[in-house]
Amino acid sequence: MQIIDLLTPARVLVDVRASSKKRLLEALAGLLDERGTPDSERAIFESLVRRERLGSTGLAHGIAIPHGRSADVTRAVGAFMRLAEPLEFDSLDRQRVDLVFGLVVPEHFTDQHLMFLADLAELFSDAAITARLRAAPDAATVYGILTGGRERNAA
Amino acid sequence: MIETYNGVLIVVALLAIVSIVSTLFSLRAGAPILLVFLVVGFMAGEDGLGNINFDNAEAAFVIGSIALALVLFDSGFGTPWRIFRLAAAPALTLATVGVILTAGLVATAAHVLFGLDWPQALLLGAIVGSTDAAAVFFLLRVGGIRVRERVRATLEVESGSNDPMAIFLVLGLVALLRSDADAIGLETLSLFATQMGLGLALGFAGGHAIVRIVNRLELEGALYPLLVAALALAVFSATNLAGGSGFLAVYVAGLVAGNRRIRRGNELKRFQQGLTWLAQIAMFVTLGLLATPSEFPAVLVPGIVLGLVLAFVARPLATVACLLPFGFSRAEHAFVGWVGLRGAVSILLAILPVAYGIDGGQMLLNLTFLIVLVSLVVQGWSIAPLARALKLVIPERAGAIERIQLDLPSEAAHELVAYRLHDDSPILGRSALPRWVKPALIVRDGQSIRSMRLDRLRAGDVIYVFVRPHRIPLLDRLIASPRPPEPGDREFFGEFEIAPETPIDELADFYGAIVNQDKRGQTVRRFLEREFGDAVEVGDRIGLGPIELVVRRLDEERRIAEVGLSITRRP
């Protein structure tokens, strides 16, 4: 499994506007929900919020990787948003966040899923990649950047 | 024979001594070491000081092949699966398609620029088509270049696995030229399939067999490395006899054997490193002896031009074409393209046309020598500055001065690592070490000192530490790096942040970990403080199912202020 397996072009958005962390997580839950029922979307949102209560998923340098578990999903699903305006996310470095990768995994959270998190953290720690993500003109380009380096995520 | 053997022996021994001592020069001057070995061979040879007249092409080929087989086995043995998987797709594309493209481009240049007829031009292209594992490994591992893992893995796996392709191309072309067949037909394709298929199959089988044999037999300890070397050569030659690619087989066997639990694995690695050095020296010096440098001027211009074409045009184009689907950055393309060192394998392959009496064989051999020289000089010397210019060098991380890998009989799986403390060692500012570090011995001015108290440590002391192997990079940060680990250091402090007030069971539930009933309801801070007591230190870590909690920062009262969550990568 690689990051490319998590994403579809439809789950990559740019210039998203969100007025608060909560609104952002709601929008993210909507994107991540493949089933499309209000219940499943709600469950994903609540899991994301539950995780944020343990500590912000904001990394340094404007990146956040909110993640959660849900009984409604059968496989790991990812979604990416680039925000039009950086948003306060309680990150440790106090920097506002503009690149957000959401991940939701089935209830039985296995090591495999944790590896996704490690891979994502590694991917977004690459300043060259984040610069390209910020400079990309449209969602298709962003999708290409995120999925292009596929061998990076193989391990 | 009996009268002359001392004479022969002293020559061989002197050559080995000169080669080994010259590595000192090479490391200081930054000259590619293999170039130095080759030059030692030149100097000893018929046109040099030694005036040794050695022109037995077949003997050189045999010596070189055996040496290469050992080098390939070792390079497979030392490649962890993790690295292999990380780079398999791009590296194997380079090792197959890349070799063909490079060979084709060089052949075209030789044909168009210097009027070589096509069969000869193609043969030359194939001969210089593969990147040399020895040269790449040496430059990347020993040469002090720390490029990003993904780039390094790609280059190492490529260079370790591309020789069979080049060997196959050369053997195929030589066979075609000898039989005067005029087209590459079905027969050639089936030959290719047989070579690769048998090479892979027998390599896998051989690797597993080696592990089984070594783990089954109860031998005198020192015999295992010899046994493994002999088994590797047996896999190599048996595959060749069966019609497969012995070079591919021996590489695959090394990869398989090196990644399974094998008795005395560390000792095997050490022995093979020595053996690889010996093989390199034997191979390069022999090839240097075989050369007739006085013949080089005749092909000087084409040799140098083709060497430059290879370095600046053929290899970079082939690299870009092969790596395009894999999302490498532009700088990484440039670097992988530039680290296309040619080496012993090319020269070895160039012997074949001579040995088989192909027209122009000697000229091809001389051309190959020049191309390899150009590659070693131009690329070998410029790799380190280029890596820095392309900003591909990851920050210098001074490591342990000595790693003593102990084959402990139990499951302890600890290694003994030694560090010499420098003035800025972060450890000098600390009062204690994280618990996963077990100091064993402190040596000052040649004497071991009894106190294990860190506040007594001074720059210049050597500290020996027991640590689990996968934690060594963390230990490097703590002891050898010029400054303490920075807050953004994910490996050291964990990927995510955890609020210290979080109840431990909520955290555990979220990540599917289990905590004891009596710990439920505790906060993360309390959990860590109970675990570590008053002596809690920045960098202390504790496992919690699939995750680890790391103490990131203490406040003035030495209470835990920040906690990191690290996702454990299984060693």
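> Break down the overall build of chain B for me, citing the residues and quoting the values.
Looking only at helices and strands, one finds 20 helices and nine strands in chain B. Per-residue burial over chain B gives 52% buried out of 571 residues. Put simply, of all contacts in chain B between residues at least 6 apart along the chain, 73% involve residues at least 24 apart. Total accessible area computed for chain B in this model is approximately 25,100 Å², and 61% of it derives from carbon and sulfur atoms.

> How would you summarise the interface of chain A and chain B if you had to cite specific residues and measurements?
In this assembly, 33 residues from chain A lie in contact with 32 residues from chain B. Both faces combined, the contact of chain A with chain B buries some 2,800 Å², and carbon together with sulfur accounts for 57% of it. The interface formed by chain A and chain B contains zero salt bridges. Every element with two or more residues in the side of chain A that touches chain B is listed here: α3 (38-54), β3 (67-70) and α4 (111-124) of chain A. If you tally residues by element for the side of chain A that touches chain B, the top one is α4(A), at eight residues. Among the residues making up the side of chain A that touches chain B, the classes are represented as 12 nonpolar, nine polar and 12 charged.

> I'd love a proper account of the side chain of Arg11(A), names of residues and values included.
Residues and elements named next belong to chain A. Relative to the assigned elements, Arg11 resides in the loop between α1 (3-6) and β1 (12-16). Relative accessible area serves as the criterion here: at 7%, Arg11 is assigned to the buried category. Within the local environment of Arg11, its side chain forms a polar contact with the backbone oxygen of Gly78, the two atoms lying 2.8 Å apart. Aside from chain neighbours lying at most four places away, what touches Arg11 is Leu6, Leu31, Glu34, Arg75, Val77, Gly78, Ala79 and Phe80.

> I'd like to hear about the packing of helix α5 (residues 127-135) of chain A against helix α6 (residues 139-148) of chain A, residue by residue, with values.
Residue and element names in this part refer to chain A. Running from N to C, α5 and α6 cross one another at 165 degrees; their axes reach a closest spacing of 9 Å. By the angle between their directions, the pair α5 and α6 is classed as roughly antiparallel. The handedness of the crossing between α5 and α6 comes out as left-handed. Contacts between α5 and α6 involve Ile129, Arg132 and Leu133 from the former and Val142, Ile145 and Leu146 from the latter. The class makeup of the residues in the contact of α5 with α6 is five nonpolar, no polar and one charged.

> Before we move on, can you summarise the environment of Val104(A) with the specific residues and values?
All names here are of chain A. Position of Val104 relative to the elements: it lies in strand β5 (residues 97-106). Using a relative accessible area of 1% as the deciding quantity, one classes Val104 as buried. In this structure the C-alpha to C-alpha distance between Val104 and Ser47, which are 57 residues apart in sequence, comes to 8.6 Å. For Val104, the residues in contact, after removing those within four places along its chain, are Leu32, Ile44, Gly68, Arg69, Ser70, Val73, Arg75, Ala76 and Val77.

> Could you give an account of the confidence of the model for chain A, with specific residues and numbers?
In this model, chain A carries an average pLDDT of 84, and 94% of its residues clear a pLDDT of 70 or more. Confidence over residues 149-155 of chain A falls short of pLDDT 50; this stretch has 27 contacts with residues more than four positions distant or in other chains.

> I'd like a description of the sheet that holds strand β7 (residues 541-544) of chain B, backed by residues and values.
In spatial order, the strands read β6-β9-β8-β7 (chain B); together these four strands make up an open sheet with antiparallel pairing. Each having just a single partner strand, β6 (496-498) and β7 of chain B make up the two edges of the open sheet. For this sheet, the mean angle separating the axes of adjacent strands, direction not counted, is 35 degrees. As paired strands, β6(B) and strand β9 (residues 560-567) of chain B are joined by three bridges and run antiparallel to one another. Looking across to β9(B), one finds that Glu497(B) is bridged to Gly564(B). On top of the sheet, α4(A) reaches β6, β8 (547-554) and β9 of chain B; it is set at about 115 degrees to β9(B), its chief contact.

Scoring rules and cut-offs
Residues numbered from 1 in each chain as written. Chains lettered and ligands numbered in written order. Predicted model: local features only at pLDDT ≥ 70, side-chain atom pairs only at ≥ 80, totals over all residues. Heavy atoms only, no water. Helix = DSSP H or I, 4+ residues; strand = E, 2+ residues; numbered from the N terminus. Buried < 20%, exposed > 50% of the residue type's maximum accessible area, 1.4 Å probe, protein only. Contact = heavy atoms within 4.5 Å. Areas by Shrake-Rupley, 256 points an atom, 1.4 Å probe, with all protein chains shown as cover. Buried area = accessible area lost by both parts, 1.4 Å probe. Salt bridge = Lys/Arg side-chain N within 4 Å of Asp/Glu carboxyl O. Nonpolar A, V, L, I, M, F, W, Y, C, P; charged D, E, K, R; others polar. Polar contact = N/O pair within 3.5 Å; in protein donor to acceptor, adjacent residues only side chain to side chain. Axes fitted to C-alpha atoms, helices over the stretch in contact; angles between N-to-C directions. Parallel < 35°, antiparallel > 145°, perpendicular 65-115°, else oblique. Left-handed = near helix turned anticlockwise from the far one by under 90°. pLDDT = per-residue confidence, 0-100. Pairing = 2+ DSSP bridges.

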